[in-house]
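# What the coordinates show
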Amino acid sequence: MTFEAYKKQKEQSTEWKRYQTLMTERPALFAPCELLSIETSLDVICDYELNTPDRVIGAVYESPYSILIVDLVRDREGNRYCYERILPAQPNGAVITVPVYEGKFVLLRQFRHAIRKEQLCFPRGFGEAGITAAGNAGKELMEEIGAAVLSAKRLGAVSGDSGLSSGMAEVYACVVTMPQKPQTKEGIHEILLVSKEELDQMIQNEKITDALTLSAYTLYAAKKGN
């Protein structure tokens, strides 16, 4: 295939059209940086793909929750290579809650498919269109543990894995009503109520390995939930 034919095919491809849309909709994620710049020239990208046939640049997969994109980046020495990123399908509204019931923290024992293991974690959720992070906190707590929010305070925002994901999650400390039955369809099969001392001991003994839970608790401890 000639270069011009390949370029025309790439220009009409779904992955490239969606990639261009994302560049327009989320410009901050494509901001210039001299340390690692993103190649956006179609000529450069087509030349790279033709010489590296096992690589496809653009938005290569999308679901209601996530978008997997592959950037062509260039470092300061001029080396070009692919870098994968996961973007949240909904750019805002993701939340991690630190729920407290009668002075005790509410933890979930939840099976996580990605690692094929159980983890102890705080309730959290993806962003949803038309719902703020604060609203999403109440929605997730009602869905996952059947508890209503009596009061909520924003503690900050965290990135779960900045080496792969562009997503940021808002952290809310929530005083809640008594937790009810866990939502088993999301792999939640136990709700635990633990004191601060018990939670600290779990962390010390490496019983809690979920990064988002650990970072949310760090924010809570630093701000004392007040």
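Here's what I pulled together on the structure shown here. Bear in mind the structure is a predicted one, so any value in this text is a computation, not a measurement.

## Notes on the nonpolar core
Membership of the largest hydrophobic core comes to 23 residues, with the highest contact counts inside it found for I96, F105, L107, F122, V171, L199 and Y220. Among the elements of the structure, β5 (95-101), β6 (104-112), β9 (149-158), β10 (169-176), β11 (188-194), α5 (196-204) and α6 (211-223) are those that each provide at least two residues to this core. The dominant element in this core, judged by the number of residues it contributes, is α6, at five residues. If we skip the residues at most four places from it in the chain, I96 touches F122, P123, R124, V158, A169, E170, V171, Y172, L212 and A216. In this structure, Y6, L22, L42 and I45 belong to the second largest nonpolar core, which totals 17 residues.

## Thoughts on the pattern of salt bridges
Within this structure, the stated rule accounts for 15 salt bridges. As a salt-bridge pair, E62 and R18 come within 2.9 Å of each other at their nearest N and O atoms. With E62 in strand β2 (residues 58-62) and R18 in helix α2 (residues 14-25), the pair connects residues that are 44 residues apart, well separated along the chain. Look at E62 and you get partly exposed, because its relative accessible area is 40%. Connected through salt bridges with shared partners, the residues K10, E15 and E49 form a single ionic network.

## Section: the side chain of S195
Inspection of the secondary structure puts S195 in the loop between β11 and α5. Residues within four places of S195 in sequence aside, it is in contact with K104 and F105.

## Section: helix α4 (residues 133-145)
Taking 1.5 Å per residue as the helical rise, α4 with its 13 residues ought to reach 18 Å, and the 18 Å between its terminal C-alpha atoms agrees with that figure. The complete set of buried residues in α4 reads A133, N136, A137, E140, L141, E144 and I145. Down the axis of α4, the buried set is contained in an arc of 130 degrees. They therefore lie on one face. On its buried face, α4 sits against β5, β6, β8 (124-125), β9, β10 and β11. Immediately beyond the C-terminal end of α4, within one or two residues, lies G146, with a positive phi of roughly 65 degrees.

## Side note on the pairing of strand β3 (residues 66-75)
With seven of 10 residues buried, β3 lies mostly within the body of the structure. Alignment of strand β1 (residues 36-38) against β3, held across three bridges, turns out to be antiparallel. Bridging across to β3, L36 finds its partner in D75. With four bridges joining them, β2 and β3 adopt antiparallel strand pairing. Bridge pairing in β3 places G58 opposite V70. Between β2 and β3, which pair antiparallel in sequence order, lie three residues. Inspection of the sheet shows β3 paired to strand β4 (residues 80-88) by nine bridges, in the antiparallel sense. Across the sheet, residue L72 finds its bridge partner in β4, namely C82. The antiparallel pairing of β3 with β4 creates a hairpin that spans four residues between the two strands, and G78 there sits at a positive phi of about 90 degrees.

## Let's talk about the pairing of β10
In terms of residue burial, β10 counts as a mostly covered element, since six of its eight residues are buried. Bridge count for β5 against β10 is six bridges, and the pairing is parallel. Opposite V95, over in β10, you have E170 as the bridge partner. Relative to β10, β9 runs antiparallel, the two being bridged by eight bridges. The residue of β10 that forms the bridge with V149 is V176.

Parameters at a glance
Residues numbered from 1 in each chain as written. Predicted model: local features only at pLDDT ≥ 70, side-chain atom pairs only at ≥ 80, totals over all residues. Heavy atoms only, no water. Core = buried A, V, L, I, M, F, W, Y, C linked by side-chain atoms within 4.5 Å. Buried < 20%, exposed > 50% of the residue type's maximum accessible area, 1.4 Å probe, protein only. Helix = DSSP H or I, 4+ residues; strand = E, 2+ residues; numbered from the N terminus. Contact = heavy atoms within 4.5 Å. Salt bridge = Lys/Arg side-chain N within 4 Å of Asp/Glu carboxyl O. Expected span 1.5 Å × (residues − 1). Arc of directions from axis to C-beta. Pairing = 2+ DSSP bridges.

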